[in-house]
Protein chains: 2
Amino acid sequence: MAVLVVGSVAFDTIETPSGIAERCLGGAATHFALAASYFTDVRVIAVVGEDFTAEHEAILTRRGIDTRGIEHTAGKSFFWSGSYLRNLNEAQTLNTELNVFQSFTPKIPAEYQDSEYLFLANIDPVLQADVHRKMPKVKLVCGDTMNYWINDHRDNLVRVLEGLDGLLINDTEAKLLAKDPNLVRAAEKILTMGPKSLVVKHGEYGATAFFGSHLFSSQNGKVSLPFRAPALPLAEVVDPTGAGDSFAGGFFGYLASQKDLTPAVFKKAMFYGGVMGSFAVERFGTERLQQLDPKEIDERFALFRELSHLD
Amino acid sequence: MAVLVVGSVAFDTIETPSGIAERCLGGAATHFALAASYFTDVRVIAVVGEDFTAEHEAILTRRGIDTRGIEHTAGKSFFWSGSYLRNLNEAQTLNTELNVFQSFTPKIPAEYQDSEYLFLANIDPVLQADVHRKMPKVKLVCGDTMNYWINDHRDNLVRVLEGLDGLLINDTEAKLLAKDPNLVRAAEKILTMGPKSLVVKHGEYGATAFFGSHLFSSQNGKVSLPFRAPALPLAEVVDPTGAGDSFAGGFFGYLASQKDLTPAVFKKAMFYGGVMGSFAVERFGTERLQQLDPKEIDERFALFRELSHLD
């Protein structure tokens, strides 16, 4: 089933202990789309400037990603630069230039209207809500957000949360959104705000899913236990940028590739999220995600399984 | 098989968001022994002062723990007070009084000589080495340590590490010991220092085991993958004091209860470590560990399994 993602397509300049990458193709929608493309058809809604060339577009189309929803406009693409020299777990933002993103109004091509799976990557919640409203027939919608929207655009964000089947955020964001330093209580509070499930990403420690009572049709309102998926311990993290978006792409792409949303499918999706996140950080930018062999994904999934299974 | 633990038996005054507990029975050996007592026979080597009464001793003997190795001496027992008001994940030490611990020389009762499992809880590595030397016939020896010994007594500590089958420490300690901020590389370096395995405790995110090449007799030198065990997401952590020691007690007690040390047994032991750690933090001090029903342990083990298993 086709996944539609709306979010940023950007250029990133990234400094890590492994080196520097200048103006590599990045943005949440890019990482998400590449990761999801190994599981299902992917369509992208974004805006880019004149610096986004045919060569950049080919990075997406080579993976079969439908780029007809990427609007080309005068000006420069969204640009971000950050450094992980101080702390590999948290980027220090050096520069952010919104550029063409500043006046972005998502337009949905007619060909995208039959998309059954919608992912609202980290952008202004007003735009997230707008896209969701324009896609009333989607079967499943998940989304991401960040500290800035939680702190300064909470009311708009809360309206988006009400309609989500799943919210994917990190520990800090979950605790900030719920205003509670305990993860379990924070998750309970967030689930009362609307999302039917919450996936909290813990970086190198994996991710935890919390479930509301209406996510799985077969469950008759029974709230299930949380679920924890591991992350792969890696001897070198070249570039953590986009790890969370790649997790989301693997997670949501796998969900979209399955006929029914069951607890077992959701759990496997969490593992595939970890798998795609672990590939993403092995090279700068999206380099590793551009050229994976499906066999490598299978092998790493098996590794994740062995990493945490008793039997 | 009997487990012998050497470490501190102390009194703790603890302040957490849930309240204050004054002078409750604590110390690494106490938490360890209580947790391990649900799996196997436990013997303790420690020193206490006149403030350690028959009532305190009964907390241990009621669980069948052999306390003949606890030396009673003139003066006051080791005392620690700490606060978790600022950060539930890291104690702020308010006061430490070594008292009778200052001149502690471990003495091993003749009745303890046949102990097959030895755990060197967090004390001066000179004392850890001394006890290990006096117990040449042990089948398996694991140990713990802390920042203070890593920073200021490294040479003595390194001599202890050489003889360990397993070292159990937390993330910060592992990175400090290896002088490497990456967990995997830190683990590789620590394994070259002697321990045949390393268990890194991640607090609320579980624990990861790394294996050297000589731990499992059946493996013919093949180094196995790391293994990750989850922690239980808890809505309230009343008191984190002793969680790591309780993990070690559950882990090592389970190992000692099994005939052979196989990869499968080691992995289950990691889960039992998490189980006992999760109980420990539910009440102040050792209160929860004093009165568990074996059925509760089985049920929580099943919960841990469900929390992270795909099938």
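Residues numbered from 1 in each chain as written. Chains lettered and ligands numbered in written order. Predicted model: local features only at pLDDT ≥ 70, side-chain atom pairs only at ≥ 80, totals over all residues. Heavy atoms only, no water.

### As for the relation of the copies chain A and chain B
Taken together, a rotation about one axis and a shift along it account for how the two chain copies relate. Keep this limit in mind: The atoms used to superpose the copies are C-alpha atoms, taken from residues with pLDDT of at least 70 in both, and the fit is least squares. Residue contacts are defined here by distance: any two heavy atoms, one from each residue, within 4.5 Å place the two residues in contact.
Once turned by 180 degrees and shifted 0.0 Å along the axis, chain A lies on chain B with an RMSD of 0.0 Å. Interpreted geometrically, this transformation is the action of a two-fold axis. In this assembly the copies share their binding face: 100% of the residues contributing to the interface of chain A also contribute to that of chain B.

### Let's talk about the packing of aromatic side chains
Residue and element names in this part refer to chain A. Put simply, the rule is: Each Phe, Tyr or Trp ring (for Trp, its six-membered ring) is paired with any other whose centre lies within 6.5 Å, and the angle between the two planes then decides the class: stacked below 30 degrees, edge-to-face above 60, tilted in between. In our convention, an over-ring charge means Lys NZ or Arg CZ found within 6 Å of a ring centre and within 35 degrees of that ring's normal.
Applying the stated rule across the entire model yields 37 aromatic pairs over all chains. An aromatic cluster is defined as three or more aromatic residues linked by ring pairs; in this entry it consists of Phe39, Phe227, Tyr254, Phe271, Tyr272 and Phe301. Positioned over the ring face of Tyr38 is Arg63, at 3.7 Å from the centre of the ring.

### Focus on the environment of Val42(A)
All names here are of chain A. The condition is simple: For the purposes of this entry, the term helix denotes a DSSP run of H or I that reaches at least four residues, the term strand denotes a run of E that reaches at least two, and both are numbered from the N terminus.
By the secondary structure assignment, Val42 is in strand S4 (residues 42-48). Along the chain, Val42 and Glu71 lie 29 residues apart, while their C-alpha atoms are 16 Å from each other. Setting aside residues no more than four positions away along its own chain, Val42 makes contact with Val3, Val5, Ala33, Ala36, Ser37, Gly64, Ile65 and Asp66.

### Notes on the sheet that holds strand S3 (residues 19-26) of chain B
Residues and elements named next belong to chain B. Defined as follows: DSSP bridges decide pairing: two strands pair if at least two such bridges lie between them. Every axis in this analysis is a line fitted to C-alpha atoms, fitted for helices over the stretch in contact. Angles between the N-to-C directions lie between 0 and 180 degrees.
Pairing in this open sheet of four strands is mixed, and the strands run S3-S2-S6-S7 from one edge to the other. Looking at strand neighbours, the two that pair on one side only are S3 and strand S7 (92-97), the edges of this open sheet. Along the sheet, successive strands turn relative to each other by an average axial angle of 15 degrees, direction set aside. Across five bridges, strand S6 (residues 78-83) lies against S7 in antiparallel orientation. Residue pairing in the sheet places Ser81 in a bridge with Asn95 of S7.

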